[in-house]
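Read off the chains here:
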Amino acid sequence: MKTQLSLRQARRTALAAQGLARVRPAGLVSARQVGRTFERLALLQIDSVNVLARSHYLPLFSRLGPYDQALLDRLGTRRPRRMVEYWAHEASFVRPELFADLRAVQRRTWMTAHSLPPALAEDLRERILGHLETAGKPLTSRQVVELLGHSKVRDTSDWGWNWNAAKRVLEDLFAAGLISSAGRTPQFERLYAPTPAVHPAGAAALEPSDPEQAVLRLTEVAARAHGIATVRGLADYFRLQQRETAVAAEILAGKGILERVEVAGWRQPAYLHAEAVVPRTVSGQALLSPFDSLIFERRRLEELFGFHYRIEIYTPLAARRYGYYVLPFLLGEELVARVDLKANRAAGMLLVQAAFSEPGAPPHTARQLAAELRLMAEWLGLGQIMVKPMGDLAPALKLAVCRE
C-alpha cells in the first residue's frame, strides 16, 4: 500500500525542507549559516526589480532573519566560489556542481543569436570571447560593445554592428555556458568573463554532462529541496520537462531515494524524499519574496496552503488586486496575509502600500506581521514604517506597528 499523508503533514514536510519550519536562530548570523541555507535551497532566483530588496537576498532573510548581505555576495565573488549564476528556475544563483547538469538540459532560446545572420553571429562570438579572454578583468555588456567598436544605437533596419546584436550574442554565450557572470555592478549589470575563469572547477566545468543523468540528479536535488512534490513541482524547480522528470522520479523511487505517496486532496501522486522530515508542529514565521522557492510553482502553493497567488508587477495598475510587490506572510504552517511593500530609501521608510488578511487568519496576525516588518525595516536600514490605508488588514496593522 502507498504511504498516505494528510495535507497538514505534506505542508509541514515542505516547510521543513525549505528551512521555514522553525523559529529563526537568535544572535548574529554567521557565514556558515548563510552557506548552509543556500546549500539547502540549491538556488536563489535573481530579478532586476529592486523596489524592496534584490530578490536573491530575501529568501535568506526569511529563513535566518537579519544578516549581512555581504556574506551572500562573497559566496559568488570570492574564490573558490560556492555559487555561480546560470539559468535554473529562471536566472539564478546555483550551486557550482549543478552547472554542468543545468547546461545539459538548457533549452532557452528567447534571447539568443539564432535570428542573426550566421556569419555576423559567428564573427561576434569570436570577437567577444577574444576580448573577454584578453581583458584581464570581467566586463559589462557596455564595455564589451565599446571594445567591439559597435554603435550603441539600435538599428532596426539592419543588424549591422549594433548593440542589440552584440547583446544577443552575449546572452547566447551565457546560455551556452561559455561565459559566466563574475559578479554584478552596483547597477546590477552582469560582469562577464570566460567560464573557466569564474567556475571553481575551471575548464572542467565545461565538460559535457549526460542529459539523462543530469535530469536524474536535478530531480533528486529538487525533491530534496521540496521535501514532497508532484512531478509538476519537481520539474518546475529547475524548469525541466515533466515527461523526463516523471521518468527520473520513478527511477529514484526504484532506488529508494524517493517514495511515491498520496496526499489527501491532491489529484496527482506525489514523491517524498527519503531524507524528508515530517515535523509534528512548525513554529516559523516569515515574509516570502515573490520569487521564493517555496512559492515557485503556483499550483503547488494552492494545493499546499489554499493560497492563490500571482505576481502583479506586469499587471496594469488599475487591474491589480493586491499590489505591485506583494509578499505572502507565513505564520506557523499557514499563509495568513499578504503585503505590498516598498523601500523608500531616500526617506528611510518601509512603505506598506497595502495589507490583506486571508480567510481564517488568526487574531494575532497583525501583531506578528508588525514584528516581522520591524525586523525587515531594521535589516534594510529603514528607521520608519508607514502603513497606507489599503486592504482589510491595514487598520489593525497600522495600530500594531505603532505599538511595536
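Attention here is on the structure that accompanies the text. Along every chain, residues carry numbers that run from 1 in the direction the sequence is written. Given that the model is predicted, a residue must reach a pLDDT of at least 70 before its local features are reported, and side-chain atom pairs must reach 80 or more before they are shown or counted; all residues, however, enter totals for whole chains, interfaces and linings. For the side-chain quantities, the full set of heavy atoms in the structure was used; hydrogens and water were omitted.

**Overview of the packing of aromatic side chains**
Stacked, edge-to-face and tilted are the three classes for Phe, Tyr and Trp ring pairs, Trp counted by its six-membered ring, which pair at centre distances within 6.5 Å; planes under 30 degrees apart are stacked, over 60 edge-to-face, the rest tilted. Scanning all chains against the criterion turns up eight aromatic pairs. Connected via pairs of aromatic rings, a cluster forms that spans Phe-61, Tyr-67 and Trp-379. By definition, being over a ring means that NZ of Lys or CZ of Arg is both within 6 Å of the ring centre and within 35 degrees of the ring normal. Against the face of Phe-188 rests Arg-184, its NZ or CZ located 4.3 Å from the ring centre.

**What to know about the nonpolar core**
The biggest cluster of nonpolar side chains holds 106 residues, and the ones touching the most others in it are Leu-52, Phe-238 and Leu-397. Setting aside chain neighbours within four positions, we find Leu-397 in contact with Val-339, Val-352, Ala-355, Ala-366, Leu-369, Ala-370, Leu-373 and Val-387. Trp-266, Ala-270, Val-282 and Phe-305 belong to the second largest nonpolar core, which has 29 residues in total. To define a nonpolar core, start from buried Ala, Val, Leu, Ile, Met, Phe, Trp, Tyr and Cys residues and group those joined through side-chain atoms within 4.5 Å. Exposure is judged per residue with a 1.4 Å probe applied to protein chains only, and the accessible area is read against the type maximum: over 50% gives exposed, under 20% gives buried, and values in between give partly exposed. Should any heavy atoms of two residues lie within 4.5 Å, those residues are counted as being in contact.

**Details of the sheet that holds strand β2 (residues 43–45)**
Ordered in space as β2-β4-β3, the three strands form an open sheet in which the pairing is antiparallel. The two strands at the open ends of the sheet, each matched to only one other strand, are β2 and β3 (84–87). Mean inter-strand twist for the sheet, computed between neighbouring axes without regard to direction, equals 35°. Packed onto the sheet, helix α2 (residues 31–41) meets β2 and β4 (91–94) and runs at close to 85° relative to β2. A strand pair is defined by DSSP finding two or more bridges across the two strands. Secondary structure is summarised from DSSP: a helix means a run of H or I of at least four residues, a strand means a run of E of at least two, and numbering begins at the N terminus for each. Between N-to-C directions, angles span 0 to 180 degrees; the directions come from axes that are lines fitted to C-alpha atoms, helices contributing only their stretch in contact.

**Observations regarding the pairing of strand β12 (residues 334–344)**
Counting buried positions along β12 yields eight of eleven residues, so the element is predominantly enclosed. Strand direction decides the pairing type here: strand β11 (residues 326–331) and β12, joined by six bridges, are antiparallel. The partner of Leu-331 across the bridge, within β12, is Glu-334. Here β12 folds back onto strand β13 (residues 349–357) in antiparallel fashion, the turn holding four residues, of which Gly-348 has a positive phi close to 65°.

**Structural notes on the layout of surface pockets**
Two kinds of site are reported from a 1 Å grid over the protein atoms alone, namely cavities, where a 1.4 Å probe fits but cannot get out, and pockets, open sets with protein on both sides within 12 Å along at least five of seven lines, and residues are called lining when an atom falls within 4 Å of a point. Grid points are joined across faces, edges and corners, and a volume is the space filled by probe spheres set on the points. Its boundaries defined by the atoms lining it, the largest pocket holds a volume of some 760 Å³. What lines the largest pocket is a set of 24 residues, among which Ala-16, Gly-19, Leu-20, Arg-22 and Arg-40 lie closest to the centre. In terms of residue count, the dominant contributor to the lining of the largest pocket is α2 (four residues). The nonpolar class holds Ala, Val, Leu, Ile, Met, Phe, Trp, Tyr, Cys and Pro. Asp, Glu, Lys and Arg form the charged class, and all remaining residues, Gly among them, are polar. For the lining of the largest pocket, the residue count by class is ten nonpolar, seven polar and seven charged. Here the second largest pocket is characterised by a volume of approximately 520 Å³.

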